[in-house]
Amino acid sequence: IATPPAGDVHFNDISFTYPHTGITALRHFSLHVKAGEKVAIIGRTGSGKSTLAHMLLRMYDTTEGALELDGHNVNRYDLDILRGGIAYAPQEAYLFSDTILNNIRFGRASATEAEVKEAARMADLDKDIAGFQQGYETVVGERGVMLSGGQKQRMVLARALLKKSNILLLDECLSAVDTQTEKTILNNLGTYLQGKTVLVITHRIFTSWAFDKIIILDNGNIAEQGTHDEL
Ligand code: ATP
Ligand code: MG
């Protein structure tokens, strides 16, 4: 399939064991996220949250059960189309020893400078960047050593936002920012998120955001689910 998914994501009875280690990370996991829905996935360390992201991006092949996007098995998508269709902010951020501009632009090489700056603004990074003598031309150092943990996370978020894909997948991407900054970012994202499918993996639930659904993952399966009020 050569067109990016519109945003319907269906994990259908997926069990997954990592090759080499034999660790079973998902056990009969099922979740249907309709296009445009916003879902939070919460769970203790090791409960399988990032594994869901790995499945979606086809970093590993599903062995049991099926993962469907817009009703098509994930394996039928061209890999570059699939990954291009998912704006992913990984838990382990990777930054290059290059400028801030190029690091953000890594999400979409063709993006204009204005688009990069808009992504940085949404990630609440513009003031930080303005504080650097070289601004967007600042070289962040090996793996981003000259940035704070929260700045690195917001860089990775800006990189993901630049992709403008129908699916936004955030893995623990705001754990190092304070709640006020988190609020600012979620406010900034308002219109950007309209119509997008959003999957947020997090230890700490974003208090200022109304998710359509909250999933609590335990040992590779859903322990509880509901809305913010129900849980
Ligand atoms: P955290 O909150 O700490 O990020 P998580 O919920 O994201 O945890 P996962 O990363 O999905 O948890 O890990 C689920 C299980 O799979 C764990 O037992 C982990 O050790 C194992 N695991 C994760 N990644 C791999 C891998 N690449 N190879 C082998 N086992 C892995
Ligand atoms: Mg994880």
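By the naming in an unreviewed UniProt entry, the protein chain is ABC transporter ATP-binding protein, taken from Nemorincola caseinilytica.

(A) Here's a closer look at the sheet that holds strand β4 (residues 64-69). Within the open sheet, the 4 strands sit side by side as β2-β1-β4-β5. Their pairing is antiparallel. Edge positions in the open sheet fall to β2 (24-33) and β5 (72-73), since each of these has one partner strand only. Examined bridge by bridge, strand β1 (residues 9-17) and β2 share 6 bridges and lie antiparallel to one another. Across the sheet, T17 pairs through a bridge with T24, a residue of β2. In the packing of helix α1 (residues 49-56) onto the sheet, the strands contacted are β1, β2 and β4, and the crossing angle to β1 comes to about 110 degrees.

(B) Looking closely at the sheet that holds strand β10 (residues 221-226). In space, the 6 strands of this open sheet follow the order β6-β7-β8-β3-β9-β10, with mixed pairing throughout. The open sheet has two edge strands, β6 (86-89) and β10, and neither has a second partner. With direction set aside, neighbouring strand axes in the sheet form an average angle of 15 degrees. Taken together, the 5 bridges between strand β3 (residues 38-43) and strand β8 (residues 197-202) define a ladder with parallel strand orientation. For V39, the partnering residue across the bridge sits in β8 and is L199. Along the sheet, α1 contacts β3, β6, β7 (167-171), β8 and β9 (213-218); its crossing angle with β7, the most-contacted strand, is approximately 145 degrees. Contacts from helix α6 (residues 149-161) reach β6 and β7 within the one sheet, and its direction differs from that of β6 by about 175 degrees.

(C) A look at the site of ligand 1. Close to ligand 1 lie 13 residues; Y18, T45, K49, S50 and T51 are nearest. When residues of the shell around ligand 1 are assigned to their parent elements, the largest contribution, 3 residues, is made by α1. When its residues are assigned to classes, the shell around ligand 1 shows 3 nonpolar, 9 polar and 1 charged.

(D) Seen up close, the pairing of β9. Two strands pair when backbone bridges link them, and β3 and β9 are joined in this way by 5 bridges, in the parallel orientation. Pairing of I42 across the sheet is with I216, part of β9. Bridging between β9 and β10 involves 5 bridges; their strand directions are antiparallel. Note that in β10 the partner of I215 across the bridge is Q225.

(E) Spotlight on the environment of E137. With respect to the secondary-structure elements, E137 resides in the loop between α5 (126-131) and α6. Among the residues examined, E137 registers 12 C-beta atoms within 10 Å and is labelled exposed. Sequence separation of E137 and D98 is 39 residues, and the distance between their C-alpha atoms is 8.5 Å.

Quick notes on the rules
Residues numbered from 1 in each chain as written. Chains lettered and ligands numbered in written order. Predicted model: local features only at pLDDT ≥ 70, side-chain atom pairs only at ≥ 80, totals over all residues. Pairing = 2+ DSSP bridges. Helix = DSSP H or I, 4+ residues; strand = E, 2+ residues; numbered from the N terminus. Contact = placed C-beta atoms within 7 Å. Axes fitted to C-alpha atoms, helices over the stretch in contact; angles between N-to-C directions. Near = placed C-beta within 6 Å. Nonpolar A, V, L, I, M, F, W, Y, C, P; charged D, E, K, R; others polar. Buried ≥ 20, exposed ≤ 12 C-beta atoms within 10 Å, placed from the backbone.

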